[in-house]
Amino acid sequence: MEQPPKIRIDGLSFWYKDFQALDRVSLAIRANEIFGLMGPAKSGKSTLLKVLNRLCDLLPEARLEGKAYLDDLDLLAPDTDVVSLRRRVGLVLSKPTPLPRSIYENLVLAPRLAGRPHKELPALAEEALKAARLWDEVKDRLHDSALRLSGGQQQRLCLARTLAMQPEVILLDEPTSGLDPISTAKIEETLFQLKSRYTIILVSNNTKQIARATDRTAFLLMGRLIEVGETSQVFTVPRDQRTDDYISGRFG
Amino acid sequence: MTSKGIERLLLVLALSSVGSLALITFFIFWEGLPLILGTGPGDFLFSTHWAPTKGRFGIGAMIVSSVVVTLGALVLGVPLGLACAIVLAEFAPKRLKQVLKPTLELLAGIPSVVYGFLGVLWLVPLIREHLGGPGLSLLAAAVILGIMILPTIISISIDSLSAVPDLYRDGSLALGATRWQTVQRVVLPAARSGIITAIILGMGRAVGETMAVIMVAGNALKLPTSLLDPVRTLTSNIALELGYASGRHREALFATGVVLFVIIMILNLTAAAVTRRR
């Protein structure tokens, strides 16, 4: 049972200009688990995801300390190939962000950039749509603009688009924050089916979702890691008073 | 003054500027149309024989010159301007952009006679010595116009590139695209309508420019056969001859104006249509 972790984060601190978003966070995330990150606004959840696929590089005045590894790869080393890293670590943003193109073009963009042969693309797109449980709804209009889909469909398209890239890790930043309960349920079911093949990190400030959908959970507060453990344990017998306060809705 | 009164005053001011456009339109067509119909539109537009004193009014050569000069300006100005806009909007540090964008827009404020003057002093001799011909040429006009349309193309393109939401860029980068691939496959297509508008407006500027073109194009009345030939454009023709024209000759110059007016209107309407279709 002692497998090396898929992702290891070691004493990670992160600053936006003067604001410290993460404060010496250390975490180990296992392969093929759904790992939940919860915490109130500004607790550093989204920042952590942005560091893990180096989207944080785009922030001009940010600074970080600490280490993070994906298998044996040093994520934060300056000479790490960011583009191939992002292909291994897919990120789905909280707002659905389909590109202003057709559904099909959205799906095949990543595989095409990765140099997959033309012939494989339609099959890849179909497989990804099926995995994201969107296939039946869009199979007859793959060449319509992606912007015409509903919010829930758009978000599942973004998930499908990330799956088509065939990453190893999927980061989800509040993927259901703008969605109705039915779309939310569909996405959660999808994640459950995907975890046999991927390692999934789910950020949410909806504690019920974390309780429903994840195997293990970490609680972040003002950039600090307060508690981490099996989700069932965190939600029934939290070790820290602040975790207890948060999940029972006394703040946040 | 009451608020109602101010509203009325503003309405009158707004209507008067629209009204002057209507008057200009009416006047140009009133003066020019009879001659076009009298000569026959086919003869007027396609004949290259322009001899006002002998009653021959064919502006074919000038239409061709205007079109070729404009296309030449686009060949030069569009790649340069677009490249400049992409660098400034997507890759340059914010501070450099803040300095460079207004500087480039200053280019638009330089009077066209100054461009013409520089063209006569430097560009024309350069062409004459290195490429041959009289120097005063289609090529010289195209180069000068290519530079003159840069600010239009750059500043509208930058605005439309900057209007592309950052979410698209993040989404694309998160899918493993490099920054250049993101620009090429996501940002440029998303900004396409704005860029097309920029090109069309630049084209309008090139078609309508007069002073600089008169100074460097050579103004010969014939169909150009090479880039080094001197040419006369529609606008130059009006400006050069209106001073001494009278009667039918004067009408023919107004008719040239009608043709220009229609070209510019088509360009602007196309630009407006492209902008609306998002």
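Since the model is a prediction, treat every value here as computed from it, not as a measurement.

**Student:** Could you give an account of the overall build of chain B, naming the residues involved and the relevant values?
**Tutor:** A tally of regular secondary structure across chain B gives 13 helices and two strands. Dimensions of chain B, computed from the C-alpha atoms along their principal axes, are close to 70 × 65 × 35 Å. When each of the 278 residues of chain B is scored for burial, the buried share is 45%. The long-range share in chain B, meaning contacts at least 24 apart out of those at least 6 apart in sequence, stands at 72%. Roughly 14000 Å² of accessible area belongs to chain B as shown, and the carbon and sulfur atoms make up 71% of that amount. Taken as two groups, the 21 positive and 13 negative side-chain charges of chain B have centres that lie 4 Å from each other.

**Student:** How would you summarise the overall build of chain A if you had to cite specific residues and measurements?
**Tutor:** Summing up its helical and strand segments, chain A has 10 helices and 10 strands in all. Here the C-alpha atoms of chain A give a radius of gyration of 18 Å, agreeing with the 18 Å that 2.2 N^0.38 yields for 252 residues. C-alpha extents for chain A along the principal axes are approximately 50 × 40 × 40 Å. Within chain A, contacts between residues at least 6 apart in sequence are counted, and of these 66% link residues at least 24 apart. Total accessible area on chain A is roughly 11500 Å²; 49% of this is exposed by carbon and sulfur atoms. Taking the average location of the 36 positive side-chain charges in chain A and that of its 33 negative ones, the two points are 3 Å from each other.

**Student:** Summarise the interface of chain A and chain B; cite the residues concerned and give the values.
**Tutor:** Across the contact, 22 residues belong to chain A and 15 residues belong to chain B. In total, about 1700 Å² of surface goes out of reach between chain A and chain B, with carbon and sulfur atoms giving 71% of it. Put simply, chain A and chain B have zero salt bridges between them. Applying the counting criterion to the chain A and chain B interface returns two residue pairs in polar contact (both at pLDDT 80 or more).

**Student:** Describe the pattern of salt bridges, and please don't skip the residues or the numbers.
**Tutor:** Under the definition given, this model contains 34 salt bridges over all chains. For R88 of chain A, the salt bridge is made with D71 of chain A, and the minimal N-O distance between the two is 3.3 Å. Taken together, the positions of R88 of chain A in helix α2 (residues 82-88) and D71 of chain A in the loop between β4 (62-70) and β5 (73-74) put the pair 17 residues apart, joining distant regions of the chain. On the accessibility criterion, R88 of chain A (24% relative accessible area) is partly exposed. With relative accessibility at 35%, the residue D71 of chain A sits in the partly exposed group. Of the charged contacts in the structure, one is a salt bridge between D166 of chain B and R169 of chain B, with a shortest N-O distance of 2.8 Å. Of this pair, D166 of chain B and R169 of chain B both sit in helix α8 (residues 166-174), separated by three residues, roughly a single helical turn. Salt bridges sharing partners connect three or more residues here, namely K6, D71, R88 and E168 of chain A.

**Student:** Please give an account of helix α12 (residues 234-241) of chain B that cites residues and values.
**Tutor:** Residue and element names in this part refer to chain B. Judged by how many residues are buried, α12 sits mostly within the fold: six of eight residues are covered. Considered for burial, the residues of α12 that qualify are L234, T235, S236, N237, I238 and E241. Looking at the buried residues of α12, the elements they touch are β1 (50-51), α3 (60-91), α10 (192-208), α11 (211-217) and α13 (248-276).

**Student:** A description of a nonpolar patch on the surface should follow, citing residues and the corresponding values.
**Tutor:** All names here are of chain B. Among the surface-exposed residues, I110, V113, V114, F117, L118, L121, W122 and M211 lie close enough to one another that they form a single nonpolar patch of about 720 Å² accessible area. Secondary-structure assignment places M211 in helix α11. On the accessibility criterion, M211 (37% relative accessible area) is partly exposed.

**Student:** Can you break down empty space enclosed by the protein residue by residue, with the values?
**Tutor:** Where empty space is left becomes clear once a probe the size of a water molecule has been rolled over the atoms. Residues and elements named next belong to chain B. A complete count under the given rule lists one cavity of 30 Å³ or more for this structure. The space that makes up the largest cavity amounts to roughly 40 Å³. Taken together, S66, V69, T70, L145, A206, V207, E209, V213, T233 and T235 make up the full set of residues lining the largest cavity. Of all the elements in the fold, those that place two or more residues in the lining of the largest cavity are α3 and α10. Tallying contributions element by element places α3 first for the lining of the largest cavity, with three residues.

**Student:** Would you mind going over the sheet that holds strand β2 (residues 19-29) of chain A in detail, with residue names and values included?
**Tutor:** All names here are of chain A. Spatially, four strands are ordered β2-β1-β4-β5 in an open sheet, and the strand pairing comes out antiparallel. Strands at the two margins of the open sheet, each flanked by one partner only, are β2 and β5. Alignment of strand β1 (residues 7-16) against β4, held across eight bridges, turns out to be antiparallel. From the neighbouring strand, F14 faces β4, where its bridge partner is L64. Seen against the sheet, helix α1 (residues 45-52) touches β1, β2 and β4 and runs at an angle of roughly 115° to β1.

**Student:** Kindly report on the pairing of β4 of chain A, identifying the contributing residues and their values.
**Tutor:** Residue and element names in this part refer to chain A. Of the pairings in the sheet, the one linking β4 to β5 comprises two bridges and is antiparallel in character. When the sheet's bridge partners are listed, Y69 is paired in β5 with D74. In sequence, β4 turns back onto β5 through a hairpin of two residues, with D71 there showing a positive phi of about 50°.

**Student:** Describe the confidence of the model for chain B, naming the residues involved and giving the relevant values.
**Tutor:** Chain-level statistics for chain B give a pLDDT mean of 92 and a share of 99% at 70 or above. On the interface metric, ipTM, the complex scores 0.81, and its pTM is 0.80.

How each quantity is defined
Residues numbered from 1 in each chain as written. Chains lettered and ligands numbered in written order. Predicted model: local features only at pLDDT ≥ 70, side-chain atom pairs only at ≥ 80, totals over all residues. Heavy atoms only, no water. Helix = DSSP H or I, 4+ residues; strand = E, 2+ residues; numbered from the N terminus. Buried < 20%, exposed > 50% of the residue type's maximum accessible area, 1.4 Å probe, protein only. Contact = heavy atoms within 4.5 Å. Areas by Shrake-Rupley, 256 points an atom, 1.4 Å probe, with all protein chains shown as cover. Lys, Arg positive; Asp, Glu negative; His and termini not counted. Charge placed at Lys NZ, Arg CZ, Asp CG, Glu CD. Rg over C-alpha atoms; globule rule 2.2 N^0.38 Å. Buried area = accessible area lost by both parts, 1.4 Å probe. Salt bridge = Lys/Arg side-chain N within 4 Å of Asp/Glu carboxyl O. Polar contact = N/O pair within 3.5 Å; in protein donor to acceptor, adjacent residues only side chain to side chain. Patch = residues over 30% accessible without salt bridge, like charges linked within 9 Å, V, L, I, M, F, W, Y side chains within 5 Å. 1 Å grid on protein atoms, 1.4 Å probe; cavity = no way out; pocket = protein on both sides within 12 Å on 5 of 7 lines; lining within 4 Å. Points joined across faces, edges and corners; volume = space filled by probe spheres on them. Pairing = 2+ DSSP bridges. Axes fitted to C-alpha atoms, helices over the stretch in contact; angles between N-to-C directions. pLDDT = per-residue confidence, 0-100.

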